[in-house]
Amino acid sequence: MSLSATTAPPSPAAPPPDVPARRRRGYLFNRLDLKYSPYLYIAPFFLIFGAFGLYPMLRTAWMSLHDWDMVGEHTFIGLDNYTELFSDEYFWNALVNTFGIFALSTIPQLLMALFLANLLNQTLLRAKTFFRMAIFVPNVVSVAAVAIVFGMLFQRDFGLFNWLLGLIGVDQIDWRAQEWSSWTAIATMVNWRWTGYNTLILLAGMQAIPKDLYEAAAIDGASPWRQFWQITLPMLKPTFIFVVILSTIGGMQLFTEPLLFANGSIIGGNQREFQTLAMYMYEKGIYNLSTAGYGAAVAWAIFMIIVLVSLINFILVRRAAK
Amino acid sequence: MSLTTRRSRMAAAALAAITAIGGLAACGNDDDTPAEGEKPAKLVVDTFGEFGYDELVKQYEQQTGIKIELRKTAQLGEYRPKLVRYLATGKGAADVTALEEGILNEFKANPRNWADLTPLVSSEITDDYLPWKWELGKAPDGRLIGLPTDVGSLAVCYRKDLFEAAGLPTDREAVSALWPDWNGFHQAGQKYKQATGKAFVDSITAVSNGVLFQQGSDLFYDKENNIIADSSPAVKSAWDTATSMVDISAKASTWSPEWSGGFKQGTFAATFCPSWMLGIVADNSGEENKGKWDVAAVPGGGGNWGGSWLAVPEQSKYPEEAAKLAEFLTNATSQVEAFKAKGPLPTNLEALKNEAFLSYTNEYFSNAPTGKIFGESVAQIQPIHLGPKHQAVKENAFEPAMRAFENGQASKDAAWEQFTKDAQTQGVF
């Protein structure tokens, strides 16, 4: 109660005649300040979102309804780009590749992150801060650097991985020549870079779980394993949904790693073994100047797919937790 | 009191943030069109890779008093998207813009993005350049888009020490005599492979690059810009020649890490060198291999890989002054200077006859007379009509299919089918 009294404007109970207009102006300013300042404070976000989020989205939608040449003519063609997309073999190929790499990166990555987070959450662990920092370091490295270094490790002729495999008698693998091998290589880069990040988020989620739950469980004789399954996991649900959706967005937009892995070739492999959706969008929308409209349609398709997959994730995780 | 000051301070901060954003947005909008005939204070030049213009630009600044800003982009892959953005938004382009052959061909489909240079440059320079190179600078509607800078031309770079170990000749004349045609090149490669068990040439796509441009006929497009990828005899011949050499190939496609690493490891003994490639070969091979490389003639004589033009975007505020600068940068003296600085091969006929150019030798390549070698091969280049999406068809259909065959991912027939199918989608414009 006392709080509201201090923030409320002073009651204008019959100002003495000698209290000048100055005071009244101050009062007016306070009213305006109270009413409109909050909008001003949140305005930067909305302005930036409008300029760099909403406007490009709407513009892309508009472009996708045209036969749009980046440096030439634009002709309105309605939904033709979208109908063409459905029968475009290379679009589906890119979709399958994207999901393949997504599965190979997200699933092991989240399991690993869960395991590591649980490990870091142990009360007996020494040098906690050190480990927590160390695990995050890969995320600070630039994507391009990661992709270039891993591209060298996965080289056919002089790569480290082929050399290691050679030691145990496995033949040289041309990592870029098959789907399974190229997907594995790219997923490895993603996993290396993002496992630590997800670990930290999951760890934060774990630390928000009330300690008394564990104490009560321990008194009831529940083993640490049982505590993990019946307390940690269910309580971690909201964090987990967040992490899964974030990984989905990242996975569907995968671009730099496969592009650099292909030595900059936008088709991603001689037979498009690892061309992702984002790369296909770039090929149609930017590499190829005259099909920018079609590229915009691919961009919207990616957006719809992300929304769809996030929804499915959300429902699945929710149901599993029930 | 303290409450209100803090609040107003925050409001001020928020306001500042908003005006900063507004300011950012307003930045690009200074549309002060200069008065007629006014001299520009500054001209901007955009290039990619190395054009060797650093000194020339300084000279021009002194001569004219116009400040020149030289904007260099290392990779063509980064350069092209930037250029597209400038043209699509109508602002940001340099006054003089370098166009690589693939980009130029593509932009010919929309020539109105570029100023017509015909009225802007001296009419006397028309006959100064290699005639085919000059013609390629024109759009289909006759508008002159670009002034010729350089051609790639083509030669073979080979490792003398590796040739010697395999019992092949090492002298550049004798090596050139090994392969008057592609068959000879193949046989030399097989001999090398037999003697050493190692691959001879870096990749079959490098071979196809050489063959494609020797044909002197239409490649992926005919003169009316119809896609003829599946029926073009020149393409078929390049395909057949290149795919036949899979037995001597190191399967290291140009620019891949296997390729750049292969120079030091000696995984191949020969590769194809346009003039601008010499510096890249030297960089990849390192100081320890200095003097081991040499340069010989290309099988079949002549050939070309790459080359550029200078153009003036329609959006330039000073098209006349920009055209003058482009004319200066492509004249005979400048082209010789640029060649000596960074190696781009002249296209100006007078520069090609220049004594300093012809007597130039390359120290890294066993003092090979590269001026003479490339100068001679330039004369043999066949003019070719490339068509709007030549680069896309070559990069995203022709070469990937060939590599799929080279790596054993597809049979020769299946690879050809992949190429002809993809050529249709890549070639549409």
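Rules behind the numbers
- Residues numbered from 1 in each chain as written.
- Chains lettered and ligands numbered in written order.
- Predicted model: local features only at pLDDT ≥ 70, side-chain atom pairs only at ≥ 80, totals over all residues.
- UniProt positions renumbered as here; feature names shortened; annotations may be inferred.
- Helix = DSSP H or I, 4+ residues; strand = E, 2+ residues; numbered from the N terminus.
- Rg over C-alpha atoms; globule rule 2.2 N^0.38 Å.
- Buried ≥ 20, exposed ≤ 12 C-beta atoms within 10 Å, placed from the backbone.
- Contact = placed C-beta atoms within 7 Å.
- Pairing = 2+ DSSP bridges.
- Right-handed = clockwise from strand over helix to strand, strands pointing away.
- Axes fitted to C-alpha atoms, helices over the stretch in contact; angles between N-to-C directions.
- Core = buried A, V, L, I, M, F, W, Y, C linked by C-beta atoms within 7 Å.
- Domains from an automatic or database assignment.
- Nonpolar A, V, L, I, M, F, W, Y, C, P; charged D, E, K, R; others polar.

The name recorded for chain B in an unreviewed UniProt entry is Sugar ABC transporter substrate-binding protein, from Micromonospora sediminimaris.

Naming follows an unreviewed UniProt entry, where chain A appears as ABC transporter permease of Micromonospora sediminimaris. Per UniProt, the comment on chain A under Sequence similarities (unreviewed entry) is "Belongs to the binding-protein-dependent transport system permease family." As its UniProt record puts it under Subcellular location (unreviewed entry), chain A is described as follows: "Cell membrane".

Participant: Please set out the overall build of chain A residue by residue, giving values where relevant.
Facilitator: Across its full length, chain A carries 14 helices and 2 strands. For 322 residues, the compact-globule estimate of 2.2 N^0.38 gives 20 Å, and chain A exceeds it by more than 25% at 27 Å. When burial is assessed residue by residue, chain A has 32% of its 322 residues classed as buried. Residue pairs at least 24 apart in sequence account for 67% of intrachain contacts in chain A once pairs closer than 6 positions are excluded.

Participant: Mind laying out the pairing of strand 2 (residues 67–73) of chain B, listing which residues take part and the relevant values?
Facilitator: Residues and elements named next belong to chain B. When strand 1 (residues 42–48) meets strand 2, the two strands line up parallel, connected through 7 bridges. Bridging from a neighbouring strand, Phe48 pairs with Thr73 of strand 2. At this point the chain moves from strand 1, through helix 2 (residues 54–64), to the parallel strand 2, and the crossover so formed is right-handed.

Participant: Outline the sheet that holds strand 6 (residues 270–273) of chain B, listing residues and values.
Facilitator: Residues and elements named next belong to chain B. Pairing in this open sheet of 3 strands is antiparallel, and the strands run 6-5-7 from one edge to the other. Each of the sheet's edge strands pairs with one partner strand only, and the pair in question is strand 6 and strand 7 (293–296). With strand direction ignored, the average angle separating the axes of adjacent strands in the sheet is 30 degrees.

Participant: Describe the UniProt feature "domain: ABC transmembrane type-1" (unreviewed entry) in chain A, and please don't skip the residues or the numbers.
Facilitator: The UniProt entry lists residues 95–313 of chain A under the feature "domain: ABC transmembrane type-1" (unreviewed entry), expressed in the numbering used here. What you have in residues 95–313 of chain A is 74% helix and 0% strand, and the ends, taken at the C-alpha atoms, are 18 Å apart.

Participant: Quick rundown of helix 9 (residues 204–212) of chain B? Include the residues and the values.
Facilitator: Of all 9 residues in helix 9 of chain B, 9 are buried; the element is thus mostly enclosed. Turning to helix 9 of chain B, the residues buried within the fold contact helix 8 (182–196), helix 10 (233–244), strand 6 and helix 18 (390–406) of chain B.

Participant: Lay out the nonpolar core with the relevant residues and their values.
Facilitator: Ranked by internal contacts, the top residues of the largest apolar core, which has 117 residues, are Val96, Ala155, Val156, Val201, Val312 and Ala326 of chain B. Here the element with the most residues in this core is helix 18 of chain B; it accounts for 8 residues. Both of domain 1 (42–151 + 306–353) and domain 2 (155–303 + 384–427) of chain B provide at least three residues apiece to this core. Residues Ala94, Ile101, Met279 and Leu289 of chain A belong to the second largest nonpolar core, which totals 46 residues.

Participant: Explain the interface of chain A and chain B to me, and be specific about the residues and the numbers.
Facilitator: Contacts between the two partners involve 29 residues from chain A, matched on the other side by 32 residues from chain B. At the level of elements, helix 2 (21–64) and helix 6 (143–153) of chain A are the ones that each hand at least two residues to the side of chain A that touches chain B. The greatest single-element share of the side of chain A that touches chain B, amounting to 8 residues, is contributed by helix 2 of chain A. Taken together, the residues that form the side of chain A that touches chain B break down as 14 nonpolar, 10 polar and 5 charged.

Participant: Which residues make up the domain arrangement of chain B, and what are the values?
Facilitator: All names here are of chain B. Partitioning chain B into domains gives domain 1 (42–151 + 306–353) and domain 2 (155–303 + 384–427). When each unit is reduced to the centre of its C-alpha atoms, the spacing between domain 1 and domain 2 is 29 Å. If you look at the interface, domain 1 gives 9 residues, while domain 2 gives 11 residues. Per element, the largest residue contribution to the side of domain 1 that touches domain 2 is 3 residues, and it comes from helix 4 (residues 101–107). Its residues assigned to classes, the side of domain 1 that touches domain 2 comprises 3 nonpolar, 4 polar and 2 charged.

Participant: I'd like to hear about the sheet that holds strand 4 (residues 146–151) of chain B, residue by residue, with values.
Facilitator: Residues and elements named next belong to chain B. Spatially, the 6 strands line up as an open sheet ordered 2-1-3-8-4-9, and their pairing is mixed. The two strands at the open ends of the sheet, each matched to only one other strand, are strand 2 and strand 9 (345–346). Of the strands in this sheet, strand 1, strand 2 and strand 3 (96–100) are in contact with helix 3 (residues 76–89), which crosses strand 2 at around 120 degrees.

Participant: Summarise the pairing of strand 4 of chain B; cite the residues concerned and give the values.
Facilitator: All names here are of chain B. Within strand 4, 6 of the 6 residues are buried, which leaves the element mostly enclosed by the surrounding structure. Inspection of the sheet shows strand 4 paired to strand 8 (residues 307–311) by 4 bridges, in the antiparallel sense. If you follow Val151 over to strand 8, its bridge partner there is Gly307.

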